[in-house]
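# Inside the fold
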Amino acid sequence: MSFAPIIHALALPPETRVEQRVPKKLFVENGAPTASDKRQINEGISEVLWQAALKPANLGVPVFRDAVREYLEVAILTAHFRSTAKTARLVELIHRAIPYPVLLISLTGETASLSVAHKRWSQGESGKVVIEELRATAPFRPDAPTAEEAQFLARLSVVGLPQGDLFALYQSWLDSILALEAAQITGAFRPPTADNSSALREQLDARAQAVRELAALRAQAEKETQLNRRVELNLAIKRLEARIAELVQTL
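Summarised in this report is the structure supplied together with it. Note that this is a predicted model, so its numbers are computed, not measured.

Moving on, we come to the overall build of the protein. When you go through the protein residue by residue, the secondary structure sums to 9 helices and 8 strands. Along the three orthogonal principal directions, the C-alpha set of the protein runs to about 70 × 40 × 40 Å. Among the 251 residues that make up the protein, the fraction classed as buried is 43%. At a minimum sequence separation of 6, the contacts of the protein that also span at least 24 residues come to 66%. When the accessible surface of the protein is totalled, it reaches about 12800 Å², and 51% of it is carbon and sulfur. Placing the 30 positive and 29 negative side-chain charges of the protein at their respective mean positions leaves the two points 5 Å apart.

Ranked by size, the top nonpolar core spans 41 residues in total, and within it Leu 10, Leu 54, Ile 76, Phe 152, Leu 156 and Trp 173 carry the most contacts. Secondary structure elements with two or more residues in this core: helix H1 (4-10), strand S2 (45-54), strand S5 (74-81), strand S6 (102-108), strand S7 (111-121), helix H6 (147-154), helix H7 (166-186) and helix H8 (197-223). When residues of this core are assigned to their parent elements, the largest contribution, 11 residues, is made by H7. In terms of nonpolar packing, the next biggest core, distinct from the first, is built from 20 residues, Phe 27, Ala 32, Val 48 and Ile 94 among them.

Let us look at the side chain of Thr 16. Summarising the element assignment, Thr 16 is placed in the loop between H1 and strand S1 (17-21). What makes Thr 16 buried here is its relative accessible area of 1%. When sequence neighbours within four positions are dropped, the list of residues in contact with Thr 16 reads Gln 51, Ala 52, Ala 53, Leu 54, Asn 58 and Leu 59.

On to the packing of aromatic side chains, then. Under the counting rule described, the total for this entry stands at 5 aromatic pairs. Each ring, one from Tyr 71 and one from Tyr 170, has its centre 6.1 Å from the other, and the planes form 85°; the classification is edge-to-face. A residue pair is termed long-range when its members are at least 10 positions apart, and Tyr 71 in strand S4 (residues 70-71) and Tyr 170 in helix H7 qualify at 99 residues. Like Tyr 170, Tyr 71 is buried. Measuring from centroid to centroid gives 6.4 Å for Tyr 170 and Trp 173, while their planes differ by 75°, and the two rings are edge-to-face. Of this pair, Tyr 170 and Trp 173 both sit in helix H7, 3 residues apart, which is roughly one turn of the helix. You'll find Tyr 170 and Trp 173 in the same group, each marked buried. By way of ring pairs, the aromatic residues Phe 64, Tyr 71, Phe 167, Tyr 170 and Trp 173 are connected into one cluster.

For the structure on display, the rule yields 16 salt bridges. For Arg 65, the salt bridge identified is with Glu 70, shortest N-O distance 2.6 Å. Counted as one network, the salt bridges with shared partners bring together Glu 133, Arg 135, Glu 181, Arg 201 and Asp 205.

About the cut-offs
Residues numbered from 1 in each chain as written. Predicted model: local features only at pLDDT ≥ 70, side-chain atom pairs only at ≥ 80, totals over all residues. Heavy atoms only, no water. Helix = DSSP H or I, 4+ residues; strand = E, 2+ residues; numbered from the N terminus. Buried < 20%, exposed > 50% of the residue type's maximum accessible area, 1.4 Å probe, protein only. Contact = heavy atoms within 4.5 Å. Areas by Shrake-Rupley, 256 points an atom, 1.4 Å probe, with all protein chains shown as cover. Lys, Arg positive; Asp, Glu negative; His and termini not counted. Charge placed at Lys NZ, Arg CZ, Asp CG, Glu CD. Core = buried A, V, L, I, M, F, W, Y, C linked by side-chain atoms within 4.5 Å. Phe/Tyr/Trp six-rings, centres within 6.5 Å; stacked < 30°, edge-to-face > 60°. Salt bridge = Lys/Arg side-chain N within 4 Å of Asp/Glu carboxyl O.

What follows is the structure, given as structure tokens:
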């Protein structure tokens, strides 16, 4: 498995390409707060490449500035993780280590995942940035995508993204990740819009929370020995199942 299908889908303009190896030392020194994190970086990451840098000078898309954040460029990185890696934690550490927005394509075995993370100025440390929101796709095979994943890949092309400023461009990738997450639940990929992005995010998060609560209730019901309590739990499970079904209808 390689990153090629996703890099091809991005259709990166040649002048944006960097193609440089990023030393793991950068992530150890800038994104790893604990000894366990440092060990994860050293043992879980095989290689990180800086594939491209999207800047006003090479893409013609203006920078974005407001009171909350400043996006001067967008980096596109690929990371090859070892099979034993704690991938979710490594994805977060890589995003934390780089102080500007990153599209990270991570590869573990035969599957890939894309992630983005909006960042903002830290309220506690002047000049520092912190992650505001991190979203990632579920692992999938880019060389053999499902219909929904193929539609997602078709929306990644840099030249097809909003060109108003770098925030709008980056937000479009996040919106597509949300749309893929919804499509993997409903079976239908609906291209997101700026108007429904926030609502879709809230609905997906509400469903995910309800699914976690449902799993906990089912586990509790299986262990319950008192009949009355078990009946109560089963009623609560039915109500939660109905709530999840309602949320799916809104996606």
